[in-house]
Amino acid sequence: MSSRFFSSERINTGRQSELDLLKALCVFGMIFVHVFLDLGHNVVPSVIDDYLTEFFGAATFMICMGIGMCYMRRQTPKAYLVRGFGLLTIGQFLNILRNSIPNLIAWWITGKQFFIANALLILQSDILTFAGLAFLTMALLKKFRLKGRGILCAGLVLSLVSLILWNTVSSPKNYLVSQMAGFFIITDAEAYFPLFCYFIFAAFGYFIGEYYPRILDKRALANRIMQICFPAALAYYVLRFLVDMPFMPVLGSDVQYNMKPTPDAIATCIFTLGILGLLARFMELLDGKLPPVVQHFAKYINNYYCLHYLFVLPVQTILIAVTGHLMTGKIVPILYGIFVAVACYFIIEMNEKHWHIHFATLRGAKMIAFTAAVWIATVAITAYAYPRIEVFANVWNDYLLP
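Residues numbered from 1 in each chain as written. Predicted model: local features only at pLDDT ≥ 70, side-chain atom pairs only at ≥ 80, totals over all residues. Heavy atoms only, no water.

Regarding the overall build of the protein chain
So, point 1. Counting secondary structure elements, the protein chain contains 17 helices and zero strands.
So, point 2. Relative to the compact-globule value of 21 Å for 402 residues, the protein chain shows a C-alpha radius of gyration of 21 Å, a close match.
So, point 3. Dimensions of the protein chain, computed from the C-alpha atoms along their principal axes, are close to 65 × 55 × 50 Å.
So, point 4. Out of the 402 residues in the protein chain, the part that is buried amounts to 53%.
So, point 5. Taking as baseline every contact in the protein chain between residues at least 6 positions apart, the subset at least 24 positions apart corresponds to 82%.
So, point 6. Looking at the protein chain as shown, the accessible area adds up to about 19,200 Å², and 69% of this sits on carbon and sulfur atoms.
So, point 7. Side chains of the protein chain give 30 positive and 21 negative charges; the mean places of these two sets differ by 12 Å. (Helix = DSSP H or I, 4+ residues; strand = E, 2+ residues; numbered from the N terminus. Rg over C-alpha atoms; globule rule 2.2 N^0.38 Å. Buried < 20%, exposed > 50% of the residue type's maximum accessible area, 1.4 Å probe, protein only. Contact = heavy atoms within 4.5 Å. Areas by Shrake-Rupley, 256 points an atom, 1.4 Å probe, with all protein chains shown as cover. Lys, Arg positive; Asp, Glu negative; His and termini not counted. Charge placed at Lys NZ, Arg CZ, Asp CG, Glu CD.)

Some points on the confidence of the model for the protein chain
So, point 1. Summary statistics for the protein chain give a mean pLDDT of 93 and a share of 96% for residues scoring 70 or more.
So, point 2. Across the protein chain, element-level confidence peaks in helix H5 (residues 113–119) with a mean pLDDT of 98 and bottoms out in helix H2 (residues 46–56) with 63. (pLDDT = per-residue confidence, 0-100.)

Observations regarding the nonpolar core
So, point 1. Of all hydrophobic cores here, the largest spans 132 residues; its most connected members are Tyr198, Phe199 and Phe201.
So, point 2. If you tally residues by element for this core, the top one is helix H9 (residues 195–211), at 13 residues.
So, point 3. When neighbours within four sequence positions are excluded, Tyr198 is seen to be in contact with Ala58, Ala59, Met62, Phe130, Tyr192, Phe193, Tyr257, Asn258 and Lys260. (Core = buried A, V, L, I, M, F, W, Y, C linked by side-chain atoms within 4.5 Å.)

Section: empty space enclosed by the protein
So, point 1. All chains considered together, the criterion is met by one cavity of 30 Å³ or more.
So, point 2. Residues belonging to the lining of the largest cavity are distributed by class as follows: seven nonpolar, one polar and one charged. (1 Å grid on protein atoms, 1.4 Å probe; cavity = no way out; pocket = protein on both sides within 12 Å on 5 of 7 lines; lining within 4 Å. Points joined across faces, edges and corners; volume = space filled by probe spheres on them. Nonpolar A, V, L, I, M, F, W, Y, C, P; charged D, E, K, R; others polar.)

Quick look at the environment of Asp188
So, point 1. By secondary structure assignment, the location of Asp188 is in the loop between helix H8 (175–181) and H9.
So, point 2. The exposure class assigned to Asp188 is partly exposed, which follows from its relative accessible area of 38%.
So, point 3. Residues Asp188 and Lys173, 15 residues apart in the sequence, show an inter-C-alpha distance of 9.4 Å.
So, point 4. Excluding residues within four positions of it along the chain, Asp188 makes contact with Ser171, Pro172, Tyr175, Ser178, Asn394 and Trp396.
So, point 5. Engagement of the side chain of Asp188 in a polar contact is seen with the side chain of Ser178, the distance being 2.5 Å. (Polar contact = N/O pair within 3.5 Å; in protein donor to acceptor, adjacent residues only side chain to side chain.)

Have a look at this one:
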């Protein structure tokens, strides 16, 4: 990289305002998209659901996560291993609270297949599960002493492997086996953010994260990045939209979003880099100072992710069990989305000031007991639900929603 833009020393440390703004925008959008998609019908215009999430969806979170990895105090394989297993455990705990418990209760009351099928979503490759597997993968790569370029190459290889397997290999016939494979590649089970497909974003984030602390002239670099990235991304997506590319899923389809085939993934990385440049220039207008509420969204991104879902999926279960359908119209979901965002804000604030409930601070016997309980419950719920399901709920059948 040019010495005009980068120093040989770490001079740009601490929180980066443009990165925090990007996180905050994603958190706010995440809450409303999940409320609209999980609790309503036809609330989000298809152009947003099918295409805008291509640029501001889960991939952006994962790029931010990759950048954040470079700012971790301890860069040892052990630190990444511990962090990864912790994220996997928290992800499973969230699945128990938001999916399994509400749907098991509804199943015992109503006996309807919808609820027992959704209870099995305790097994799913959601973002926290992906993040845990990404940290474990990073621990392995760091064991081999790979740096940013090597890690990025590993991400590209895994992405290509996932695309090749999707074109050449059928899903396992046993659904449970297919679900286990779905944590890594696209299958006919709940394979939402498979590791092989999405690791490229964490790897790209780590790659640019190695340069981030050494930026000398952020304005000049942002200008150069926008000049290159936006035209390149625009040209690719115009071509992608107009031309039928062999061996590639249709742009805007569930398969395309869940797999992010390699060319699309590269274009998304380029576009996101351009957005970071744009936000860096925008932050100059604010003198680099974000409003407190925006800082809050960015700082507690994981808290918002976990907490907002407790206001969404259990409510979905209650609505279907009681009324047989989801919210109707657009006004109610929009108002509820605002309520969820505000409620999460105040709950997180109360927790920081008064309750101090943090799973990351659990130590010793408490940590062992919590971890054991989560994984024992995962095995028990899976063993109970799996043989009782006639049709499995997943992204490919819209979770059997009425």
